[in-house]
Structures are given as structure tokens and as C-alpha cells.
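Residues per chain, in single letters:
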Amino acid sequence: MDPLHITEFGSERYLEKVQQSHAQTQTNAAQGQGTAAVALLQSPFILPIRGSGATGSDVAAVKSNEQKRPEKKSFGSWRSRFTTKPPSVPPSSSSEQLERRFSLPESTTKQQLPFDQLFVALPNELQIEIIASLPLSDVLNLRLASKSLHALVSLNEVPITRYHLDHHVPAYAKRLYPVPQGRSLNFHYLCGIWHRLHVAAKLSHLMCQLIIREQLLLNTEEKRRQYAPQTERMRRRLIPILFTVFHFFETYRKLHLKYMAEHDGVGLSKTPYTVNPIETEILNMYDDRTLLRVHEAFPLVIWAFCRRLRPPSYVGRVERSLRGYLKERPPDEVHVAVLCLGGMREVLRIWEVKGYNARRAAVDAWYESIMHEQPVEPEPKKRRGMLGLKRKKSSLNIAKTNGHPHEAHHGPNDTSAARGKQPDSLVFHTSLAAGMPMAALGKDESKLLAPDLPVLQRIWLVTAEAMILDRKIVERPAHIHRNAQVFTDLISESGIDEEDQWLYGTTAPESVRPNLDAIEEDPDE
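As recorded by an unreviewed UniProt entry, the protein carries the name F-box domain-containing protein and is attributed to Apiosordaria backusii.

Below, the structure is given as C-alpha cells:
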């Protein structure tokens, strides 16, 4: 070693200790730890001057020696600035530092592996178990990540759906929509249930806000905050009721179409009956407890929807005209058409329209769309470019628009093959391609059912009350709760645990809560 270095680091005795530690290191490496030298060279955290393993006392001693050392302006001092100084290794911590450096690369390589590589390395069974525990929205979005993940999720719809049915879907939903017999579980069945739950949860929240404002007159934030526990209990109890109402109108429309087809277009309005046969068939699907609870709250549901389609002010025509509420409430036929033909999903869509005038316009537009043919608007005249120098469309684009000549080899209805899609591909042919529950009816079906719809005041109520008395659920009609008694039952604190056990199976899952950030009330109403 250079004498200048001996002078810089201290005495010759300190150099002998450093050489002994290096000799001990080489001896350990020769006994079977040959990879230590490689690890020592590869570690990016080893500084070339004053190694990182030096203790605070050693560094302080070296600094004190450097401060006491007189400056020597010689050729050797200039030479020392350009030479590499060996690291200082304390003898006490040399073995521990080497052991730590030997084990460092192995631990860091395990921690530096990204999550996707660790996930792909798992067996398929564990991958599906991890994916199934995710929320349903995340499972569906995972299919957009790559084709391999799309195929992994699509080919394992059965275990994922079964996991969600066992852990997340409430018991009352599975009672109304049981698992289809003879068919395997798929995402269409699961997403259909969650779609209905989402509509019921949002309508429950909106109904609670309307009841608080219109019935209970809680117009300040302080009063609403004090009434928050009762509001939450009301919301939780309304979700199963609205879910059942969704099932009622969805099944009513389907059975109504079936009835018209079986009777050659002759509907209920031209058939004498004592009790509505379609409603009787639907209400027979409900148990006694569900039938009674929904029957007691059904007038409240109809009131809330009708109130939403009335002007916010109850005063005369003059004040309404000053405020801009020019249109009156829609007739009862429109309310019945929205409920029986559009269902609770259409009720929610109209409810969320902000402003009374815009909401009335949305109702009129929807009713015109199902009852009358939309006029075909003429195509707007194309604007020419400046001085007629607009670039023309290429012949290649025109050929793609009008049809490729190679499409003649496919059938007239084989649009997927004509566009280059694989008919058997999982990307374009999944169970979710069947559509959402209670989709929009066609023009012919709407025109067939619209004249045969029941009266608004007789939907559910007459048939349900007759069935309740016939089943002897209550002894007399006076025992059925109405108006104020219904509000008391909705906000009551007693029986919460027992209701959760009956409705949800265990407890109410948090996933049935609506996205409150997407729900905003009108400031003027």
C-alpha cells in the first residue's frame, strides 16, 4: 500500500488490522462462500471511500485525525486526489456486514418482482379464487386489461358467479330470482341481479330524501343530521321493498305479453274478471311476510313517483307561471305506462332528471317514443370546402363503407365475419351480450300493451289485499298498516337483527349502498 495512504488513514497498526480483516474475508470465501465477492462488487450501496458499515465512533476518530493532520503541499498530496482510496472496514463488524451483504441480493430479488409476475406464477385455481374475491365491477373491468385475462375470467364464470352468490347477493334477491335450473351460472344472471339491486338502492335513497323534505319537513342540515339514524333504517328497509316492486313490474310485462299472445290479442280490458289473473300469478310467488310488507309500502312508492312528476309548488297557476312551471302533471295513463312498460329502471331515469320542466319534457319524449313513430329527419346538406377545394373521400374508404367485395363470400347476416371478428371469440360472444333486465320494448309490443294497462289506483292493491285476507295473513283489513303506521315501521329500531337475518341471510352487505356522489338533489325543490 502507498505510504501516503498510511499517513492519511492513521498509523501502521490500523493498517495491519485492515489487512487482517481482508485476509479473514478471503479465508471465508475460500471455504465455500465464493459468491460473496461477487455480491460485494455488485452491491450499489458500497461507497468507495469510508464504507457504509463504519460505526459513528470510527468515523469521528478518522475525522479528528484528519483535522489534526497538517497540510502537505507536495506531489504526493496531489497524487492522492486522483487515486482510489480503499474502504475502511471496522474489524468488529466485518463478519456481520459480510453476512448481511451475502443475504441481501436474495431477499431483494424476491421483493423486486412485480405483482403481475407473482400473480401469473400462481396456479389457475388460486388465480380464480383471488379474482372471485374482488368486487363485481373490478372483475368485469379486469377483462379489459388483456386477452389472456379476458379469457381467464370468461372461461371461469361459474366459480366466480357462485362465489358472489354465496357471499354478496342478499337472500331476498335469490328468492325472487332463483338459480336457473338446467343452465350453468354466468355473468348475465349475476349482473342482472346486481342491476336490480342498484336501481332499488338508488331509488331507496331518493325516496328517503323526498320523504324527509315533503312529509317530515326537515329542511335544515341540523335537523337532517339529527334524523340520520332513522333515515338509514328507512333506506335499508325500502331496498327489499323496491326490489320486489321491480320484480313485480318486470314479471307483469312479460306475463302480459304472454297473455295477449295466447288470447289472440284480446286483453284484460275486454275480459271479465274478479281478480286480475296476471297479478294473481305474480303475487303467488311471494311469501306471506314479503306480500304484507310490500302491500303496506306500495302506496308510498306510487305517491313518491307521482309527486316527482308534479310541480314543486302547490300554489295556483299564477305563481307556477311566474316560476316557470307551465306544464301540469302528466295524466294517469302516462304514469301507468312508465311503471308497467318501462319499469323501475325508467322510473329511476326520469327521477334523476334535474328540474321540473326538463323532467316533464323527458316523460313526454319517452311516451311519444313508444306510442308514435319517430319522423325520419332529412339528412343535413353537406357543407362544401372553401372554393370547392375540399378533399374528396378516397375510393378505399368508400369501399369499406359500402361493403367490401370479399363480404359476398359470407352470409347476409354474418356481420361479425365480414368485419373480421371471430364468431366463436370470447371477446364478442359472452353471456352479457343478452342485454340488461327489462330492456326497452319494441314499438309493436308497446302499442299492443298500452291500451290494455290497468288503472293507476288499482295496480297491486286490490289483488294483494284480497290475497292477504284469503291467506289469513291478517284477520281484518284494519290490521293492515297504512300511512303513519308505515312510517313508524320504516324508522323503528326494533327487529333490525331479525330482519337482516331474514332479508340478507346474515347482515346487510355494504355493496348495496348506492353511489351517493352521483346522486344530487335539485336545489330549488
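### Focus on the confidence of the model for the protein
For the protein, the average pLDDT comes to 75, and 64% of its residues sit at 70 or higher. Of all secondary-structure elements in the protein, the lowest mean pLDDT belongs to helix α3 (residues 35-42), at 41, while helix α16 (residues 277-283) reaches the highest, 96. The model gives residues 32-57 a pLDDT under 50, and that stretch makes 29 contacts with residues more than four places away or in other chains. In the model, residues 507-521 has pLDDT below 50 throughout and makes 29 contacts with residues more than four positions away in sequence or in other chains.

### Observations concerning the pattern of salt bridges
Tallied over the entire structure, the rule returns 16 salt bridges. Of the charged contacts in the structure, one is a salt bridge between Asp-288 and Arg-471, with a shortest N-O distance of 2.9 Å. With Asp-288 in helix α17 (residues 288-308) and Arg-471 in helix α24 (residues 461-471), the pair connects residues that are 183 residues apart, well separated along the chain. Here Arg-471 falls in the partly exposed class, since its relative accessible area comes to 26%. As a salt-bridge pair, Glu-498 and Arg-289 come within 2.9 Å of each other at their nearest N and O atoms.

### A few points about the environment of Trp-194
With respect to the element layout, Trp-194 can be found in helix α13 (residues 187-214). Put simply, Trp-194 and Leu-136 are 58 residues apart on the chain and 8.9 Å apart in space, counted from C-alpha to C-alpha.

### Points about the packing of helix α15 (residues 228-262) against helix α19 (residues 332-351)
Two numbers describe how α15 lies on α19: the axes approach to 8 Å, and their chain directions differ by 140°. With respect to α19, the element α15 is oriented oblique. As α15 packs across α19, the resulting crossing turns out to be left-handed. Residues Leu-242, Val-245, Phe-246, Phe-249 and Arg-253 of α15 touch α19, and the partners they reach there are Leu-339, Cys-340, Leu-341, Met-344 and Arg-345.

### Quick look at the UniProt feature "domain: F-box" (unreviewed entry) in the protein
The UniProt entry lists residues 116-153 under the feature "domain: F-box" (unreviewed entry), expressed in the numbering used here. In residues 116-153, helix accounts for 74% and strand for 0%; the two terminal C-alpha atoms are 16 Å from one another.

### Observations regarding unusual backbone geometry
Positive phi, normally seen in glycine, also occurs at Asp-264, with a value near 55°. With respect to the helices and strands, Asp-264 occurs in the loop between α15 and α16.

Calculation criteria
- Residues numbered from 1 in each chain as written.
- Predicted model: local features only at pLDDT ≥ 70, side-chain atom pairs only at ≥ 80, totals over all residues.
- Heavy atoms only, no water.
- pLDDT = per-residue confidence, 0-100.
- Helix = DSSP H or I, 4+ residues; strand = E, 2+ residues; numbered from the N terminus.
- Contact = heavy atoms within 4.5 Å.
- Salt bridge = Lys/Arg side-chain N within 4 Å of Asp/Glu carboxyl O.
- Buried < 20%, exposed > 50% of the residue type's maximum accessible area, 1.4 Å probe, protein only.
- Axes fitted to C-alpha atoms, helices over the stretch in contact; angles between N-to-C directions.
- Parallel < 35°, antiparallel > 145°, perpendicular 65-115°, else oblique.
- Left-handed = near helix turned anticlockwise from the far one by under 90°.
- UniProt positions renumbered as here; feature names shortened; annotations may be inferred.

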